[in-house]
Every structure is written in structure tokens, then in C-alpha cells.
Amino acid sequence: VSQSRYGAVEEIADRVMVINHGELVFDDSLVALNQNYLTHKLVRLHFTQLVSQNEMHLLMPPGVSLESLGDRQAEVSIDLARTNVPKVLGKLLAQLPVHDVTVDNPPLEQIIQTIYQQPKSVGMAGDIAGAGDLADQPAISHNAGHGHA
């Protein structure tokens, strides 16, 4: 699946199969993929007034990094192993002039990249016949009773 199509796949896929170097390394639901491999959340903040980069850095709790800061908006990444979304949002909403907030999962391709970066698991899945051409390409299927995406 090309990167430009991941968004559409997330909307229709029931099942995700990830093949790495011809080996099936993940075969389960999109929900299970997120539960097992989601390491961070992305938070977009929209402000009622300008906020400086220095202000943002001073307010960042451990486990939170400033990804971008623009005209009255910022994006931060929350490391779920170090903190949680409600705790971070509570602090930021109390100390910044926030007008609106959006919390999202990172793009599907980033989550799949996490799987690729893990060491090979022995016995997880054997080589798949004919999968050599699919090395390093995620295979994502839509399991609604007809066809594959």
C-alpha cells in the first residue's frame, strides 16, 4: 500500500497483515495493531493568542515533546510509556490560552514502521510462499466479504 493510501485503508480495513522481508510479522485487526504498537499520541492545540516556543518548552512535562509551533497552533507528541493524555491535557489546558484541541493516533505508516524496527521474533510466523516480492511492504486487507485492499 502506498503512503498516500494509508488514510483510506484505516477507514475500511478490518484486518492488517504486515510482511517484512517475506515474513508475516503481524496478522490481526487494526484495533489490535493500535493496542499492541501505539507508542504515542499526537495533540494539536489551537490558541487564542500567540504562544512562544520558550513558553511551550517550559510547560512540556516529561514524556511530551513539541513537534511544531506555528501561528497560534502547536503539535505535541505524548509518549504513552511515560505519561498519559488526560494528565498532559490537564496541565496544558490550565496554563495555555487553548481555543481547541485535537488528539489523534499517529499515521498508520508510523505504527507499522515500529513493527519493522523490532528485532525478528523466532516462531512468530514462517516465510510465506511467494511473499518475497512483498518484502518491506505492508499488506492490508479489507475483510468485508469481498476482495482485498
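Peer 1: Before we go on, may I ask you to explain the overall build of the protein in this structure?
Peer 2: Along the backbone of the protein there are 5 helices and 7 strands. The order of helices and strands in the protein, counted from the N terminus, is α-β-β-α-β-α-β-β-α-β-α-β. Across the protein, the fraction of contacts at a sequence separation of at least 24, relative to all contacts at a separation of at least 6, is 66%. Surface exposure of the protein reaches about 8,800 Å², of which carbon and sulfur atoms provide 48%.

Peer 1: Would you mind showing me how to read helix H4 (residues 85-95) here?
Peer 2: Because an α-helix packs 3.6 residues into every turn, residues spaced three or four apart end up facing the same way. For H4, every residue scored as buried is listed here: Val 85, Val 88, Leu 89 and Leu 92. All buried residues of H4 lie within an arc of 95 degrees about the axis, which places them on one face of the element. The exposed set on the far side of H4, more than 90 degrees from its buried face, consists of Pro 86, Lys 87 and Ala 94. Residues of H4 that are buried sit in contact with strand S3 (40-47), helix H3 (53-59), strand S4 (64-70), strand S5 (73-79) and strand S6 (98-104).

Peer 1: What's the story with the nonpolar core in this structure? I'm lost.
Peer 2: The tendency in soluble globular proteins is for nonpolar side chains to be buried side by side. Formed by 17 residues in total, the largest nonpolar core has its most connected members in Phe 47, Met 56, Val 76, Leu 92 and Leu 96. If one sorts the elements of this core by residue count, H4 sits on top with 4 residues. Not counting the four nearest positions on each side in its chain, Leu 92 is found in contact with Leu 45, Leu 59, Met 60, Val 76 and Val 98. Counting residues in each nonpolar core, the second largest holds 14 residues, with Val 25, Leu 30, Leu 33 and Ile 111 among its members.

Peer 1: Would you mind showing me how to read the pattern of salt bridges here?
Peer 2: Between side chains of opposite charge, a pair can form as their charged atoms come close. A complete count under the given rule lists 3 salt bridges for this structure. Residue Arg 15 pairs with Asp 27 through a salt bridge whose shortest N-O separation is 2.7 Å. Of this pair, Arg 15 sits in strand S1 (residues 15-20) while Asp 27 sits in strand S2 (residues 23-29), and the two are 12 residues apart along the sequence. Since its relative accessible area comes to 27%, Arg 15 is described here as partly exposed. Classification of Asp 27 as partly exposed rests on a relative accessible area of 35%. Measuring nitrogen to oxygen at the nearest pair gives 3.1 Å for the salt bridge that ties Glu 75 to Arg 44. Of this pair, Glu 75 sits in strand S5 while Arg 44 sits in strand S3, and the two are 31 residues apart along the sequence. Looking at Glu 75, the relative accessible area reads 19%, which means it is buried. By relative accessible area, which is 30% here, Arg 44 ends up partly exposed. Taken together, the shared-partner salt bridges connect Arg 44, Glu 75 and Asp 104 into one network.

Peer 1: Where do I start with helix H2 (residues 30-37) in this structure?
Peer 2: Taken residue by residue, H2 has Leu 30, Ala 32, Leu 33 and Tyr 37 as its buried positions. Burial along H2 is one-sided: seen end-on, the buried residues are contained in an arc of 155 degrees. Every exposed residue of H2 that faces more than 90 degrees away from the buried side is listed here: Val 31 and Gln 35.

Conventions and cut-offs
- Residues numbered from 1 in each chain as written.
- Predicted model: local features only at pLDDT ≥ 70, side-chain atom pairs only at ≥ 80, totals over all residues.
- Heavy atoms only, no water.
- Helix = DSSP H or I, 4+ residues; strand = E, 2+ residues; numbered from the N terminus.
- Contact = heavy atoms within 4.5 Å.
- Areas by Shrake-Rupley, 256 points an atom, 1.4 Å probe, with all protein chains shown as cover.
- Buried < 20%, exposed > 50% of the residue type's maximum accessible area, 1.4 Å probe, protein only.
- Arc of directions from axis to C-beta.
- Core = buried A, V, L, I, M, F, W, Y, C linked by side-chain atoms within 4.5 Å.
- Salt bridge = Lys/Arg side-chain N within 4 Å of Asp/Glu carboxyl O.

Purely spatial values, then, with no claim about function.
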